[in-house]
Amino acid sequence: MTDLKLTLACWDYDRTRPLMDGRVKPEGIDLDIKVLRPRQSFQRMLDNKEFQVSELSLASYTTLKARGDCPFVAIPLALSKIFRHSCIYVRAGAGITKPEDLKGKRVGTSQWSSTGLCFMRGFLQHDYGVKAEDMHWFMGGLNSFVEPPLIPLNLPQAIKLDFLSAGQTLEKMFAAGELDALLSLYIPNLFLEGSPSIARLFPNFKEVERDYYRRTKILPIMHTVVVREDVHREHPWVARSIYKAFSDAKAIAVDGLYDTDALRLALPWLIDHVEESWRVFGKDFWAYGVEANRPTWEAIGRFVHEQGLAPRVVMPADLFPVKVE
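Below you will find a few notes about this structure. (Residues numbered from 1 in each chain as written. Predicted model: local features only at pLDDT ≥ 70, side-chain atom pairs only at ≥ 80, totals over all residues. Heavy atoms only, no water.)

## What to know about the pairing of strand 7 (residues 136-139)
- Bridging between strand 6 (residues 106-109) and strand 7 involves 4 bridges; their strand directions are parallel. Across the sheet, the residue bridging to glycine 108 is phenylalanine 138, located in strand 7.
- In the classification by handedness, the crossover that spans strand 6, the intervening helix 4 (residues 115-128) and the parallel strand 7 is right-handed.
- Pairing between strand 7 and strand 8 (residues 160-163): 4 bridges, direction parallel. Residue pairing in the sheet places tryptophan 137 in a bridge with leucine 161 of strand 8. (Pairing = 2+ DSSP bridges. Helix = DSSP H or I, 4+ residues; strand = E, 2+ residues; numbered from the N terminus. Right-handed = clockwise from strand over helix to strand, strands pointing away.)

Below you can see the structure in the form of structure tokens.
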């Protein structure tokens with residue numbers, strides 16, 4: 001029987017590379033893999049449903065599910081995981097020394113609905129009492145690249161969000177004193193260049209992140225994988241096959257991290273990094289699946305609702321209606 005031909009759009013991560021180089025093949029599927037940056041595949045999938053299987057923003061998927069207008073079925077894969085406490089930058093002289101000082105301030109972001117921003121606003125609200133409506137938001141390009149909203153925005157009136165005009169950038173406004181803080185998925189050039197005008201809100205972000213995980217068990221997941229709904233309806237077995245293939249590919253990548261001979265030869269400090277991850281998260285620190293990541297799936301369902309993106313809270317059972325584990 002001929003394998004089902006499907007297109008898959010995702011980035012070239014260590015955990016997806018075994019799929020791309022053929023070491024792992026999903027059962028019954030012949031994948032045509034398009035290697036695209038997330039910001040490329042997300043927009044093309046959300047706007048045109050261009051691929052049959054794709055990496056996708058977790059917040060965008062969650063919001064569409066809550067709105068009842070989602071043409072995708074997600075698989076509980078976590079292609080990108082990252083804490084975001086290091087991504088809040090403040091301007092010297094803006095009077096911001098602690099998270100609570102963000103209230104009433106002018107804050108820039110490149111993408112209101114991005115998963116990273118949802119998790120940042122989420123911990124600001126739940127840990128420090130700073131809600132989205134407590135700040136005046138400005139959305140535009142950090143330097144030159146301008147991202148349109150990933151999904152249509154219809155925010156509550158209490159949330160103040162202005163869009164930058166042509167020629168404006170967040171960094172220019174920050175340098176001119178027109179912004180007090182940046183919630184940025186990318187490291188600002190001002191910070192990379194060592195400008196004294198910018199600093200992280202949490203200079204000890206690693207300690208803050210470890211404490212956050214200890215208290216909440218939330219390890220923020222940025223991207224998941226979706227199957228187009230028409231493909232799932234016609235071939236419901238595809239989700240399970242894709243899940244197993246991605247899991248097998250991830251296992252190969254994780255095994256490579258534990259190759260101590262290679263690590264000692266190349267980057268000895270990685271041994272300490274791997275062992276620290278074991279201590280904090282356990283041996284399966286990059287777990288896939290619903291139960292292993294339940295606090296994180298539940299958190300994103302709450303956050304998109306609290307931040308005006310979604311009309312209701314969606315639970316993990318809503319996000320992942322198909323059992324694949």
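Let us keep going from here.
## Topic: the nonpolar core
- If you look at the biggest cluster of nonpolar residues, it comprises 94 residues, and the most contacted ones within it are Phe72, Ile75, Trp112, Trp137, Ile242 and Phe246.
- Look past the residues within four positions of isoleucine 242 in its chain and what remains in contact with it is Ile29, Leu31, Ile75, Leu77 and Val225.
- In this structure, Leu142, Leu164, Phe174 and Leu179 belong to the second largest nonpolar core, which totals 11 residues. (Core = buried A, V, L, I, M, F, W, Y, C linked by side-chain atoms within 4.5 Å. Buried < 20%, exposed > 50% of the residue type's maximum accessible area, 1.4 Å probe, protein only. Contact = heavy atoms within 4.5 Å.)

## As for the pattern of salt bridges
- Taken as a whole, this structure holds 19 salt bridges when the rule is applied.
- Between aspartate 211 and arginine 215 there is a salt bridge; the shortest N-O distance is 2.8 Å. Placement of the pair is aspartate 211 and arginine 215 together in helix 7 (residues 205-216), with a separation of 4 residues, close to one helical turn.
- Its relative accessible area of 40% is what places arginine 215 among the partly exposed residues.
- Here aspartate 248 and lysine 244 are joined by a salt bridge, their closest N and O atoms 2.9 Å apart. Of this pair, aspartate 248 and lysine 244 both sit in helix 9 (residues 238-257), 4 residues apart, roughly one helical turn.
- Assessed through its relative accessible area of 33%, aspartate 248 is described here as partly exposed.
- Connected through shared salt-bridge partners, Asp127, Asp211, Arg214 and Arg215 make up one network. (Salt bridge = Lys/Arg side-chain N within 4 Å of Asp/Glu carboxyl O.)

## A closer look at unusual backbone geometry
- At lysine 49, a position not held by glycine, the phi torsion is positive, near 50 degrees.
- Here lysine 49 lies in the loop between helix 2 (38-48) and strand 3 (53-57).
- Lysine 49 sits in the partly exposed class, given a relative accessible area of 37%.

Note that all results are geometric; they support no functional claim without further evidence.
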